[in-house]
Structure formats: structure tokens, C-alpha cells
Amino acid sequence: MKKRLTFIIIIGVFLLAMTGCIVRNQSSAHYSIKEGSKITDTYSYNVEDDFKGMKLKINLNLTKGIVTFELKDPNGDIQWSGEVDSDKPLKEVKSFDKITGEWTLTFENVDNSGEGELNLQFNRL
């Protein structure tokens, strides 16, 4: 039973990694990064007309490897990007002015060597 539950969780995480995650108004995600997994993971958030802006909280702790990230607004402009490694964890909250439409946040496990935990939360302002 425990093996089956672990298998179901792994499949769920894999599907999230392959399809991304669409979130509305307020959403959070928790993800484990495993060494050797080729990951380019994309999360989307829709900023609507009645929003004042958007806030994004990222907590990314790696035990090894490197992960890059990039937040693009609906116009395709990069609003926030960076690189995280085990010596330089990322624990930050940033607010952004309203640009209506779908924002995308992409993470890439560089050289498939990253291992650690990712927690993120989108909120409307």
C-alpha cells in the first residue's frame, strides 16, 4: 500500500512538471526537486481587471545543484529572474504592478543536478 501511494504521488508530481500549473487569484504549490530529473516547470497566474497587482512568494532551498527561474508578464517581458544554488537559497516576496493577463513562472533544473524543495505562492493585490 505504501509503495502504491508513493507511486501515485510521483506520477502526480511528474504530471505537474509536464503540464505546468494554472492558478487563479491565490494559489500555492509545493514541489520536491530530485537529482537526475530533467525539469522545466512552468506555473501560470491570471491577473484580472479588478486586481491592483500581484504578489509572488518563492522559497527555494537546494541541497545541491543549480535551478534558474524566470517570471514573465503577459507581454513576454521578464519581470524577475535568477539562479539558485545550495549556497544561495531563495526566500523572497515581490510585488508587481498590474498587467492584466497570464503571467508565467518557469524553473529549470540546470544540468539535471538540482535537488531540494520549492514552495511558491501567488496572491492578488
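We now turn to the structure provided with this report.

Conventions and cut-offs
Along each chain, numbering runs from 1 in the same order as the chain's sequence is written. For a predicted model such as this one, the threshold for reporting local features is a pLDDT of at least 70, and the threshold for listing and counting side-chain atom pairs is 80 or more; totals across whole chains, interfaces and linings nevertheless cover every residue. Think of the side-chain values as coming from all heavy atoms in the structure, minus any hydrogens and water. The criterion is simple. A nonpolar core is a set of buried Ala, Val, Leu, Ile, Met, Phe, Trp, Tyr and Cys residues joined through side-chain atoms within 4.5 Å. Burial classes: relative accessible area under 20% of the type maximum marks a residue as buried, over 50% as exposed, and values in between as partly exposed (1.4 Å probe, protein chains only). Strands are runs of DSSP state E lasting at least 2 residues, helices are runs of H or I lasting at least 4, and numbering of each runs from the N terminus. Any two residues whose heavy atoms approach within 4.5 Å at even a single point are treated as in contact. Any pair of N or O atoms that falls within 3.5 Å is considered a polar contact. Within protein, one atom must be able to donate a hydrogen and the other to accept it, and sequence-neighbouring residues count only if both atoms are side-chain atoms.

1. As for the nonpolar core
Side chains that are nonpolar tend, in soluble globular proteins, to be buried together.
Here's step 1: Among the nonpolar cores identified, the biggest contains 22 residues, and Ile58, Leu60, Leu105 and Phe107 are the most heavily contacted of them.
Here's step 2: Breaking this core down by element, the ones donating at least two residues are strand S3 (40-47), strand S4 (53-72), strand S5 (78-85), strand S6 (90-97) and strand S7 (101-124).
Here's step 3: Here the element with the most residues in this core is S4; it accounts for eight residues.
Here's step 4: Among residues more than four places away in sequence, those in contact with Leu105 are Asp41, Thr42, Tyr43, Leu56, Ile58, Phe69, Glu70, Leu71, Leu120 and Phe122.

2. Examining the environment of Thr42
Here's step 1: Topologically, Thr42 is positioned in strand S3.
Here's step 2: The class of Thr42 is partly exposed, set by a relative accessible area of 27%.
Here's step 3: When the C-alpha atoms of Thr42 and Phe107 are compared, they prove to be 6.4 Å apart, with 65 residues separating the residues in sequence.
Here's step 4: There is a polar contact of 3.5 Å between the side chain of Thr42 and the side chain of Thr106.

3. Description of the environment of Phe107
Here's step 1: If you trace the backbone, Phe107 turns up in strand S7.
Here's step 2: The spacing of Phe107 and Glu83 is 24 residues in sequence and 9.5 Å in space, taken between C-alpha atoms.

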